[in-house]
Amino acid sequence: MIYFVAEADQAFATIGLRGQRMGYFASRSAAMGAVPAEVVVATFFNFCPSLVHAVIPSAWELARPGTVLAARVDAVDSSLRRTLGDEALRSPELAEAAQLARRSAEAACEHPEGRPLFAGHAALDWPDEPHLVLWHAQTLLREFRGDGHVAALLLEGLSGIEALVVHGATGEVPPAVLQASRAWPDDQWEAAVEGLRGRGLIARGEPLSLTEAGRQHRQWVEDRTDQRAVVAYQALGEDGCHRLRSLGRVFSRAVVDSGALAVDRMARDA
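No experiment lies behind these values; they were computed from the predicted model shown.

Parameters and conventions
Residues numbered from 1 in each chain as written. Predicted model: local features only at pLDDT ≥ 70, side-chain atom pairs only at ≥ 80, totals over all residues. Heavy atoms only, no water. Helix = DSSP H or I, 4+ residues; strand = E, 2+ residues; numbered from the N terminus. Contact = heavy atoms within 4.5 Å. Lys, Arg positive; Asp, Glu negative; His and termini not counted. Charge placed at Lys NZ, Arg CZ, Asp CG, Glu CD. Buried < 20%, exposed > 50% of the residue type's maximum accessible area, 1.4 Å probe, protein only. Salt bridge = Lys/Arg side-chain N within 4 Å of Asp/Glu carboxyl O. Core = buried A, V, L, I, M, F, W, Y, C linked by side-chain atoms within 4.5 Å. Polar contact = N/O pair within 3.5 Å; in protein donor to acceptor, adjacent residues only side chain to side chain. Expected span 1.5 Å × (residues − 1). Arc of directions from axis to C-beta. Axes fitted to C-alpha atoms, helices over the stretch in contact; angles between N-to-C directions. Parallel < 35°, antiparallel > 145°, perpendicular 65-115°, else oblique. Left-handed = near helix turned anticlockwise from the far one by under 90°. Nonpolar A, V, L, I, M, F, W, Y, C, P; charged D, E, K, R; others polar.

1. Considering the overall build of the chain
When helices and strands are counted, the chain shows 16 helices and zero strands. Across the chain, every contact between residues at least 6 apart in sequence was considered, and the portion connecting residues at least 24 apart equals 73%. Each charge class in the chain can be summarised by its mean position, and for the 27 positive and 35 negative side chains these summaries are 1 Å apart.

Here is the structure:
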């Protein structure tokens, strides 16, 4: 949510960051400190390196990581208050969802090894208000799975751009959106497509589609990623997971229905 709401742009502009790209890369990586661009390229995995170098480390000259993190939380607070409303924020359902999500996230925090981006966020202090607890817990769980996903992709010999091509070939997200939002040049994108065709993972012709081997390959990556993330949810059990899902769906749907998410901004800004 925080990467797509107007409040984020406003908060980051107030502290001196320039543009949505700088706000995104700085706010997501700030938990690791004032890291160089190479660390962001490595941990974010699938963005064109030149895109990262254009804003990192210059972002740290404009605002220190702690300032960026504080602005990010302020943006989350104001955007959730706008999209959910005071009644929802005071509801017992939101408090219960926050409690469940925090239990799961704290279980994940017991296993930071091999997950650098997650570990940075895990070292941050927990907020106090339930809606911010829920958001922070979701952020931790997202980065926990994300780091595991990168590890699985690397084990399967996929680079960041190749992972995007495979994702686009599933039909879940238009390939052009993935290419534009990560700012990959056409020649590098086409080279990645041809390389995956040579490996038998992408079918010949257009539109992009996976071969049977490609589908099996992607499913292995997704299954292994899920397996490595299960430890975060075992603390809740099946009933707790079902309850968190049913509670969280109401709030996530409210955010989506509010129209607050400008999900095409990254592609437009590429």
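2. Some words on the environment of leucine 164
Along the polypeptide, leucine 164 turns up in helix H11 (residues 160-169). Note on leucine 164: relative accessible area 3%, which makes it buried. Placed 28 residues apart in sequence, leucine 164 and alanine 192 show a C-alpha to C-alpha distance of 9.4 Å. When near neighbours in sequence (up to four residues on either side) are disregarded, leucine 164 contacts Asn46, Leu178, Arg182, Trp184 and Trp189.

3. A closer look at the pattern of salt bridges
Enumeration according to the criterion identifies 17 salt bridges in this entry. With its nearest N and O atoms 2.7 Å apart, the salt bridge here joins arginine 145 to aspartate 226. Highlighted residues: arginine 145 in helix H10 (residues 130-155) and aspartate 226 in helix H14 (residues 212-229), separated in sequence by 81 residues. Given the relative accessible area of 29%, arginine 145 is considered partly exposed. Under the relative-accessibility criterion, aspartate 226 is labelled partly exposed at 38%. The closest approach of N and O atoms between arginine 218 and glutamate 222, which form a salt bridge, is 3.8 Å. Remark: glutamate 222 and arginine 218 occur in helix H14; sequence separation between them is four residues, near one turn of the helix. Summarising the burial analysis for this pair, arginine 218 and glutamate 222 share the class buried.

4. Topic: the nonpolar core
Counting 58 residues, the largest nonpolar core has Ile2, Leu17, Phe25, Ile56, Val68 and Leu84 as the members making the most contacts within it. Setting aside its immediate chain neighbours within four residues, isoleucine 56 contacts Phe25, Ala26, Val35, Pro36, Ala37 and Val40. Judged by nonpolar contacts, the second largest core, of 23 residues, contains Phe45, Val150, Leu158 and Trp189.

5. Structural notes on the side chain of serine 29
Residue position: serine 29 is located in helix H2 (residues 19-29). In this structure, serine 29 is in contact with Val35, Val40, Phe44 and Trp60, ignoring residues within four places of it in sequence.

6. Re unusual backbone geometry
In this structure, proline 57 follows isoleucine 56 across a cis peptide bond, with omega equal to 15 degrees. When you line up the elements, proline 57 lands in the loop between helix H4 (49-53) and helix H5 (58-62). The backbone of phenylalanine 45 sits at a positive phi, close to 80 degrees, despite the residue not being glycine. Here phenylalanine 45 shows up in the loop between helix H3 (37-44) and H4. For phenylalanine 45, a relative accessible area of 14% translates into the label buried. Positive phi is not limited to glycine here, since alanine 183 has a value of about 60 degrees.

7. Some thoughts on the environment of glutamate 194
Within the secondary structure, glutamate 194 is located in helix H13 (residues 186-198). Residue class for glutamate 194 comes out partly exposed when judged on its relative accessible area of 38%. Here the side chain of glutamate 194 touches arginine 204 through a polar contact of 3.3 Å, side chain to side chain.

8. Things to note about the environment of glutamate 61
Among the secondary structure elements, glutamate 61 is positioned in helix H5. Separated by 27 residues in the primary sequence, glutamate 61 and alanine 34 place their C-alpha atoms 9.4 Å from one another.

9. Brief notes about H13
An ideal rise of 1.5 Å per residue puts 18 Å on 13 residues; H13 measures up with 18 Å between its terminal C-alpha atoms. Those residues of H13 not exposed but buried are Trp189, Ala192, Val193, Leu196 and Arg197. The buried side chains of H13 occupy one side of the element, clustering within an arc of 140 degrees when seen end-on. Of the exposed residues in H13, the ones pointing more than 90 degrees away from its buried face are Asp187, Ala191 and Gly198. The inward-facing, buried residues of H13 abut H11 and helix H12 (175-181).

10. Topic: the packing of H10 against H14
The N-to-C vectors of H10 and H14 enclose an angle of 135 degrees; their axes lie 9 Å apart at closest approach. Taken as axis vectors, H10 and H14 run oblique relative to one another. The crossing of H10 and H14 is right-handed. For the pair H10 and H14, contact is made by Phe144, Arg145, Gly148, His149, Ala152 and Leu153 and by Trp220, Val221, Glu222, Arg224, Thr225, Asp226, Arg228 and Ala229, respectively. Residues that form the contact of H10 with H14 fall into these classes: six nonpolar, three polar and five charged.

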